[in-house]
Amino acid sequence: RMAAAMSGLALTLRHSRFDAVLVLHHLTTPLGAAKYAALCLAAGARVRAGLDNGRGGFLSHRAADHGFGARHEVEYWNDVAGLLGAAPDYGPLEFAVPPADAATARSLLDGMRGPLVAVHPGAGAFSLARRWPLERFIRVVETLTTKLDASVVLVGGGEEAGLGAALGEAGPPGRILDLTGRTTLGQLGGVLARCRLFVGNDSGVMHLAAAVGTSVLALFGPSNHRAWGPWTPNRPSIVIRSGIPCSPCLYREHSLGTPEGCPIRPCLSMITSEQVVDTIEQRLAAGTQPADIGDPDR
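### Remarks on the pairing of strand 8 (residues 215–219)
Link 1 in the chain: The buried count for strand 8 comes to five of five residues, which makes it a mostly enclosed element.
Link 2 in the chain: Side chains Ser215, Leu217 and Leu219 of strand 8 all project onto a buried face; the interleaved residues Val216 and Ala218 project onto the opposite face, where all are buried too.
Link 3 in the chain: Crossover handedness for the path strand 7 (residues 197–201) to helix 8 (residues 204–211) to strand 8: right-handed.
Link 4 in the chain: Pairing between strand 8 and strand 9 (residues 238–240): three bridges, direction parallel. Bridge pairing in strand 9 places Leu217 opposite Ile238.

Structure follows, in structure tokens:
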């Protein structure tokens, strides 16, 4: 079945008669490089642009790949687009919420009191090791709803509904709204746009929050914050991490690293709920965000 799918894709690429192909992916492994080389060959494009870390011999136009985190991914892909003459754009990410989804979000959040804080305890299916311990999220939600007079909106995909159910019991009635698995992408964007602050792990939801202009507090452990931290050039984001020498261990230098981290994951367990609560309190009380925490070299 896989061979048939690849053959079908190759025929589609060939019949499309592309003039140029941009490979927006690091050539991390020999197998991965061979896959992208085969796709470029199938496309038959004379211009093949991408990052080169020594495996990009099939590319006609190359930008230097200095390793994961040497530059943010936004900067790397600006480099690749620049090979074809595009002007670099280092502005903020943007996500346009459709009017109908914005109206749905407004309806869902109707009646919520105090500053709205979106909490995302999941991290997607690629690496569950990126999740900060659930019991610490529970303590954060408890403090938000009982001491900081905030309301919490729990967000995430359907696979994270169990996490939402656990957090939904962490505060008084009426102060927590569990929307895990209940929104489309557009509706989720509308919900996040109405929140004062997003608190969560390294994930696509974190980037969506940044793209709709919501302030972001991101928790990073094994994943590379320099490569995939929230891109918010118009306002500093908050990245909390332990800063221990072995972190990040996922996508480090030119290597995939260890997607599931180590068994004990001290890079996450060393981040305390008190540290996160203190940072949230500062953000809710002030109009500016504090500097990144736990990474003196950032």
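### Some details on the side chain of Thr214
Link 1 in the chain: Considering the arrangement of structural elements, one finds Thr214 in the loop between helix 8 and strand 8.
Link 2 in the chain: Taking relative accessible area as the criterion, Thr214 reaches 2% and is therefore assigned buried.
Link 3 in the chain: Thr214 has contacts with Leu192, Ala193, Cys195, Arg196, Leu197, Phe198, Ala209 and Arg235, leaving out every residue within four places of it along the chain.

### Examining the nonpolar core
The tendency in soluble globular proteins is for nonpolar side chains to be buried as a group.
Link 1 in the chain: Ranked by internal contacts, the top residues of the largest apolar core, which has 28 residues, are Val117, Val119, Trp132, Leu144, Leu217, Val276 and Ile280.
Link 2 in the chain: Mapped onto this core, the elements with two or more residues apiece are strand 4 (116–120), helix 5 (134–146), strand 5 (151–154), strand 7, strand 8, strand 9, helix 10 (266–269) and helix 11 (273–285).
Link 3 in the chain: In this structure, Trp132 is in contact with Phe137, Val140, Asn201, Leu219, Leu268, Ile271, Thr272, Ser273 and Val276, ignoring residues within four places of it in sequence.
Link 4 in the chain: One finds Ala118, Val155, Val191 and Val205 within the second-largest nonpolar core, a separate group that totals 24 residues.

### Quick notes on the sheet that holds strand 3 (residues 61–64)
Link 1 in the chain: Strand order in the open sheet made by the three strands is 1-2-3, with parallel pairing throughout. Two strands bound the open sheet, and with one partner strand each, they are strand 1 (20–23) and strand 3. Strand after strand, the sheet turns through a mean of 15° between neighbouring axes, direction not considered.
Link 2 in the chain: Relative to strand 2 (residues 47–52), strand 1 runs parallel, the two sharing four bridges. By the bridge assignment, Val21 is partnered in strand 2 with Arg48.

Criteria and cut-off values
Residues numbered from 1 in each chain as written. Predicted model: local features only at pLDDT ≥ 70, side-chain atom pairs only at ≥ 80, totals over all residues. Heavy atoms only, no water. Buried < 20%, exposed > 50% of the residue type's maximum accessible area, 1.4 Å probe, protein only. Helix = DSSP H or I, 4+ residues; strand = E, 2+ residues; numbered from the N terminus. Right-handed = clockwise from strand over helix to strand, strands pointing away. Pairing = 2+ DSSP bridges. Contact = heavy atoms within 4.5 Å. Core = buried A, V, L, I, M, F, W, Y, C linked by side-chain atoms within 4.5 Å. Axes fitted to C-alpha atoms, helices over the stretch in contact; angles between N-to-C directions.

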